[in-house]
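Structural features, examined
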Amino acid sequence: MSDAFITNGRIMDPANNIDEVGALFIANGRIAWVNGSGKPPEPQTADVYNAAGLVVAPGLIDMHVHLREPGFEHKETIATGTAAAAVGGFTSVACMANTLPVIDTPEKIEQIYDIANETAETSVFPFGSITKNLVGDELTDMRGMYSAGAVGFSDDGVTVMNSALMRDALTLSAELGFPIMVHCEEHNLNAGAVMNLGETSRKLGLIGSPNAAEDIIVARDIMLAEMTGGHLHVLHVSTAGAVELIRQGKHRGVHVTAEACPHHWVLTDKEVEKQGTNARMHPPLRTQSDIDAIIEGLRDGTIDAIATDHAPHTPQEKAQGMLDAPNGITGLETCVPLVFTYLVRPGHLTVSEAIAKMTSIPANILGIDRGTLSVGAAGDVTVIDTDLVNQVDVTKSRSKSQNTPFAGWELNGWQTFTLREGNRIGVRPRSR
Ligand code: DOR
């Protein structure tokens, strides 16, 4: 924990409606003074950063990452995944339970915290699984895992197809207040699918998954949330139909929140033809009309948060071809410039709205005390140059895996430095 003084920046704290040029002081790892609040500090030993012309935001939160430890350390570890997060401007990440073993007991939640305390560059908040071993036939001890620090529950990667189990999970959510984070694909409809069902899948002769696979489960889970009063969070929304169902659910007062990932609002399924397995993920890339609907959903608040679904896989695994390669792409180091290039620059979101979707909003959904620059909050700060133009350079990545479709892309608006509890994190290595 350190002291830090950031001067001349555009301080942007959506949770407190702050957007003004000024200074920010972190003492002993916590926000001690923000422009104009009380007596100005006299920093003597603090690190001083000049943020003139830069946005000074609360440390970003990625509410959906796969850190792969334990069990898949050849793809990523808590150390390397959080190093990549820090490079990408994130100070907190929430990690999924589809590890080996699956995170499905209170002891395993504690183990994630223990490893993170030893090795992580950012704060780490684990999810527990909804069903034991992700098999979908028996609920986990969610009450126990919640007491051990789980911030929500998810079988991400697979859908809980048993509606009665989902009802029971959402009933417990209504009692205890945690979110149930749902992966929405009807697995009978997407059986064997490696991409979206449409013109491109037909052209390539690949099995495609229809939008209906997602829409059916989103509709079901919104009904179950309505019935039980539980908090449903829809992960990685990819279809126009899902956006509309979530919008209608919100209008009816259902406790439903949602996130969208950059690849789902930047790329269409045509990318599969160009990028092969680096454009293979679940749910799959869809069409321009789905992208338009997701952007409208982000704009009107139907989609609350932006998350990456950072899903590292090795080059050998991704080289297996479209039929056999695993699903997913990395995302932590490219999220901020994709947000600025594709959402802020074209005017879909203001800077403040974009920051809120990566700070205070995910913090509220997860119930964690992060995502603001309030005095007394953790001294987590992300500084962004909204005009900086840079290329995505995978040779500088700190993730163990580089399975991104954005390699070499020129993007506009990048994180420039990041502090966690007042300490600089996410320093990139020189090019290999
Ligand atoms: O593409 C994906 N990859 N989607 C998921 O939901 C899971 C993830 C993974 O674990 O690789």
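Residues numbered from 1 in each chain as written. Predicted model: local features only at pLDDT ≥ 70, side-chain atom pairs only at ≥ 80, totals over all residues. Heavy atoms only, no water.

It is worth spelling out the nonpolar core at this point. The biggest cluster of nonpolar side chains holds 86 residues, and the ones touching the most others in it are Val-124, Ile-180, Val-234, Trp-265, Ile-306 and Val-339. If near-sequence neighbours (up to four positions away) are discounted, Val-124 is found in contact with Leu-67, Ile-78, Thr-82, Val-93, Cys-95, Ile-112, Tyr-113 and Ala-116. Core analysis: the next-biggest nonpolar cluster, separate from the first, contains 17 residues, Leu-24, Tyr-49, Ala-377 and Val-383 among them. (Core = buried A, V, L, I, M, F, W, Y, C linked by side-chain atoms within 4.5 Å. Buried < 20%, exposed > 50% of the residue type's maximum accessible area, 1.4 Å probe, protein only. Contact = heavy atoms within 4.5 Å.)

Packed helices, taken two at a time, are described by the angle their axes make and the gap between the axes. Orientation of helix α1 (residues 78–87) relative to helix α2 (residues 106–119), taken along the N-to-C sense of each, is 65°, at an axis distance of 9 Å. Our pair here, α1 against α2, has a crossing hand that is right-handed. Contacts from Ile-78, Ala-79 and Thr-82 of α1 reach α2 at Ile-112, Ile-115, Ala-116 and Thr-119. Of the residues in the contact of α1 with α2, the class split is five nonpolar, two polar and no charged. (Axes fitted to C-alpha atoms, helices over the stretch in contact; angles between N-to-C directions. Helix = DSSP H or I, 4+ residues; strand = E, 2+ residues; numbered from the N terminus. Left-handed = near helix turned anticlockwise from the far one by under 90°. Nonpolar A, V, L, I, M, F, W, Y, C, P; charged D, E, K, R; others polar.)

Turning our eyes to something else, we now look at the pairing of strand β1 (residues 4–13). Burial of β1 is extensive: eight of the ten residues sit out of reach of the surface. In the sheet, β1 pairs with strand β4 (residues 47–50) via four bridges, with the strands oriented parallel. Bridge pairing in β4 places Thr-7 opposite Asn-50. Of the pairings in the sheet, the one linking β1 to strand β2 (residues 18–27) comprises eight bridges and is antiparallel in character. The residue bridging Gly-9 from the neighbouring strand is Gly-22, located in β2. In sequence, β1 turns back onto β2 through a hairpin of four residues, with Asn-17 there showing a positive phi of about 55°. In terms of strand pairing, β1 meets strand β5 (residues 55–58) through two bridges, oriented parallel. (Pairing = 2+ DSSP bridges.)

Moving on, we come to the pairing of strand β7 (residues 90–95). The element β7 is largely enclosed, with a buried count of six among its six residues. Alignment of strand β6 (residues 60–65) against β7, held across four bridges, turns out to be parallel. Across the sheet, the residue bridging to Val-65 is Cys-95, located in β7. Taking the sense of rotation as the criterion, the β-α-β connection linking β6, α1 and β7 turns out right-handed. Two elements, β7 and strand β8 (residues 123–126), share four bridges in a ladder whose sense is parallel. In the sheet register, Ser-92 faces β8, and the bridge partner there is Ser-123. (Right-handed = clockwise from strand over helix to strand, strands pointing away.)

Moving on, we come to the site of the ligand. Contacts to the ligand come from 14 residues, most closely from Arg-68, Asn-98, His-282, His-313 and Asn-327. Residue Arg-68 places a side-chain N or O atom 2.8 Å away from an oxygen atom belonging to the ligand. His-183 places a polar side-chain atom, nitrogen or oxygen, 3.1 Å from an oxygen atom of the ligand. (Near = heavy atom within 4 Å. Polar contact = N/O pair within 3.5 Å; in protein donor to acceptor, adjacent residues only side chain to side chain.)

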